Amino acid sequence: MAKKPKLTPEQKEAQEFMEKIVSLCKRKGFVFQASEIYGGMANTYDYGPLGVELLRNVREAWWKRTVIARENVVGLDSAIIQNPKVWETSGHVGGFSDPMKDCKECKARHRADHLEADVCPICGGELTEAREFNLMFQTNVGALEGSSSVAYLRPETAQGIFLNYLNVQNSARLKPPFGIAQVGKSFRNEITPGNFVFRTREFEQAEMEFFCPPDEEAKWYEYWKQERFNWYVELGVDPDKLRMRDHAADELAHYSTACADVEYLYPFGWGELEGIACRTDFDLKRHSEASNAKLMYFDPQTKEKYTPYVIEPAGGINRMALTFLIDAYEEEQLEKDTRIVLKFHPEIAPVTCAVFPLVKKNGMPEKAHEVESLLRTTGWNTFYDQKGAIGRRYRRQDEDGTPFCITIDGDTLENNQVTVRHRDSMEQETVEIAHLIGYIANAIQNWKRS
Ligand code: GAP
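Criteria and cut-off values
- Residues numbered from 1 in each chain as written.
- Predicted model: local features only at pLDDT ≥ 70, side-chain atom pairs only at ≥ 80, totals over all residues.
- Heavy atoms only, no water.
- Helix = DSSP H or I, 4+ residues; strand = E, 2+ residues; numbered from the N terminus.
- Buried < 20%, exposed > 50% of the residue type's maximum accessible area, 1.4 Å probe, protein only.
- Contact = heavy atoms within 4.5 Å.
- Areas by Shrake-Rupley, 256 points an atom, 1.4 Å probe, with all protein chains shown as cover.
- Lys, Arg positive; Asp, Glu negative; His and termini not counted.
- Charge placed at Lys NZ, Arg CZ, Asp CG, Glu CD.
- Phe/Tyr/Trp six-rings, centres within 6.5 Å; stacked < 30°, edge-to-face > 60°.
- Lys NZ or Arg CZ within 6 Å of the ring centre and 35° of its normal.
- Domains from an automatic or database assignment.
- Buried area = accessible area lost by both parts, 1.4 Å probe.
- Salt bridge = Lys/Arg side-chain N within 4 Å of Asp/Glu carboxyl O.
- Polar contact = N/O pair within 3.5 Å; in protein donor to acceptor, adjacent residues only side chain to side chain.
- Nonpolar A, V, L, I, M, F, W, Y, C, P; charged D, E, K, R; others polar.
- Pairing = 2+ DSSP bridges.
- Axes fitted to C-alpha atoms, helices over the stretch in contact; angles between N-to-C directions.

1. As for the overall build of the chain
Link 1 in the chain: Each helix and strand counted, the chain has 13 helices and 23 strands in total.
Link 2 in the chain: Seen through its C-alpha atoms, the chain measures out along the principal axes to roughly 75 × 70 × 50 Å.
Link 3 in the chain: Considering the chain as a whole, with its 450 residues, one finds that 50% of them fall into the buried category.
Link 4 in the chain: The contacts of the chain with a sequence gap of at least 6 include a subset with a gap of at least 24, amounting to 65%.
Link 5 in the chain: Taken as a whole, the chain presents about 22,300 Å² of accessible surface, with 50% of it coming from carbon and sulfur.
Link 6 in the chain: Computed over 56 positive and 69 negative side-chain charges, the inter-centroid distance for the chain is 3 Å.

See the structure below:
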């Protein structure tokens, strides 16, 4: 067996950091290995109680910003399995492939364009010539197995939007510029998934196709690039670890006039977090030609008829969640020990408030449950904990990324005041129960990463 290439000190540090993240995710219930009791399923993950809340909050923050906040963007939820002609027309059957090389010794499969040297990065063995490998998962629909029933799991949510362009435009009576947004699962038979949930074969995408008059393409491209970059910064991601990378001409798809990636500096290097692409009128025209549907816009006032151009911001919810998690992770050296804290923006923190009775007696648990029920009416995810010393309970919540801990003590029963402890500064404030919801809402709104 050939010798495995040695890791550089930076690679070793990155690996150790990722190991910490993976272990925290398992210990705290963010992410588990899928099929774990059967020995696992490589590069496939399940999300636990904190993980689903994180995904849900990221999805909701994206949806609120992309759809709810705008009068000209609407939503869609299209099917995962569509008519196979869709993927022939879109170019995915013929061209959605990556070059791969196999190791002749350990049989591992690698993406040829990701290899730093022409030897196997796992064992150093000799590699085969590069071959194209289609990334779509193929399946059969119905009882018969044969070419007539072949279908594909969608590799992107975008095509479902193009297919419904006319349905949505007519039913919602929209005039360009307008957008159609969709969040949902996509599937790619990635040759080299990896870096935990960064690249997996099953993942959730958040995409928006923004249809505009052709002469407004450049304007909206710049707008969406800025908008998507700002969203990450506003949700607390360190701007020094974010950059916008414009694609070089030889990286662009033949139909695309421009494309840029929001990139994040992961422990394993700069990586694509989300892409913003000018797709021109390519998709609508291709589907029009192949289906005979007239996927155009007719302006009743000017009598003008045209195929809109498309700007597409396309991200992945799992990759966003991983990025928020990695970026929020801090180990703080305190006087006596180190605390691990996830400094999530309160809007995406899996748990918003934790409520503790100082001790498990003298009416404090009952009062704490009362406060907890009150907080739940807001829709914030709230957690009750009465086990262990108060300091340990705070530390457990720091690791979950809970921004506010509310403690009920003996005085609360007399004066209806609670102590609010802030995760980031660890400062404590006394607040009247009657003002608690407003106090927390205000703190969420004014939160700044420290
Ligand atoms: N419709 C355009 C499109 O799908 P993409 O760059 O292939 O573009 C968009 O995918 C986003 O989806 C990526 O920026 C990434 O966040 C996410 N994504 C793509 N492949 C992924 C994978 N295998 N695992 C996790 N997320 C993935």
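2. Some remarks on the packing of aromatic side chains
Each aromatic ring pair is characterised by the separation of its centres together with the angle its planes make.
Link 1 in the chain: In the structure shown here, the tally under the stated rule is 22 aromatic pairs.
Link 2 in the chain: Here Tyr-165 and Phe-211 contribute two aromatic rings whose centre-to-centre distance is 5.0 Å and whose plane-to-plane angle is 55°, an arrangement assigned as tilted. A residue pair is termed long-range when its members are at least 10 positions apart, and Tyr-165 in helix α6 (residues 165–171) and Phe-211 in strand β10 (residues 202–212) qualify at 46 residues.
Link 3 in the chain: Judged by its relative accessible area of 0%, Phe-211 falls in the buried class.
Link 4 in the chain: Grouped by ring-pair contacts, the aromatic residues Phe-162, Tyr-165, Phe-178 and Phe-211 constitute a single cluster.
Link 5 in the chain: We note Arg-243 situated over the ring of Trp-270; from NZ or CZ to the ring centre the distance is 4.2 Å.
Link 6 in the chain: Taking the ring centre of Tyr-394 as reference, the NZ or CZ of Arg-421 above it sits at 4.5 Å.

3. Re the domain arrangement of the chain
Often the size quoted for an interface is simply the accessible area lost on bringing the parts together.
Link 1 in the chain: Under the domain assignment, the chain is made up of domain 1 (9–86 + 142–325) and domain 2 (351–445).
Link 2 in the chain: Listed per partner, the contact involves six residues of domain 1 and five residues of domain 2.
Link 3 in the chain: In total, domain 1 and domain 2 occlude about 490 Å² of area from one another, counting both sides; carbon and sulfur atoms represent 45% of this.
Link 4 in the chain: In terms of surface lost to domain 2, no three residues of domain 1 exceed Lys-28, Leu-50 and Glu-53, which account for 63% of the buried area on that side.
Link 5 in the chain: Where domain 1 touches domain 2, the interface holds three salt bridges.
Link 6 in the chain: A salt bridge links Arg-27 to Glu-399; the nearest nitrogen and oxygen atoms lie 3.1 Å apart.
Link 7 in the chain: Our count for the contact surface shared by domain 1 and domain 2 stands at three residue pairs in polar contact (both at pLDDT 80 or more).
Link 8 in the chain: Looking at the side of domain 1 that touches domain 2, the elements that each hand over two or more residues are α1 (9–28) and α2 (49–68).
Link 9 in the chain: Residue contributions to the side of domain 1 that touches domain 2 peak at three residues, all from α1.
Link 10 in the chain: Of the residues that constitute the side of domain 1 that touches domain 2, the class distribution is three nonpolar, no polar and three charged.

4. Some details on the sheet that holds strand β5 (residues 109–111)
Link 1 in the chain: The three strands are arranged β5-β4-β6 in an open sheet whose pairing can be described as antiparallel. Whereas interior strands pair on both sides, the edge strands pair on one side only; in this sheet they are β5 and β6 (131–134). Taking each pair of neighbouring strands and ignoring which way they run, the sheet shows an average axis angle of 50°.

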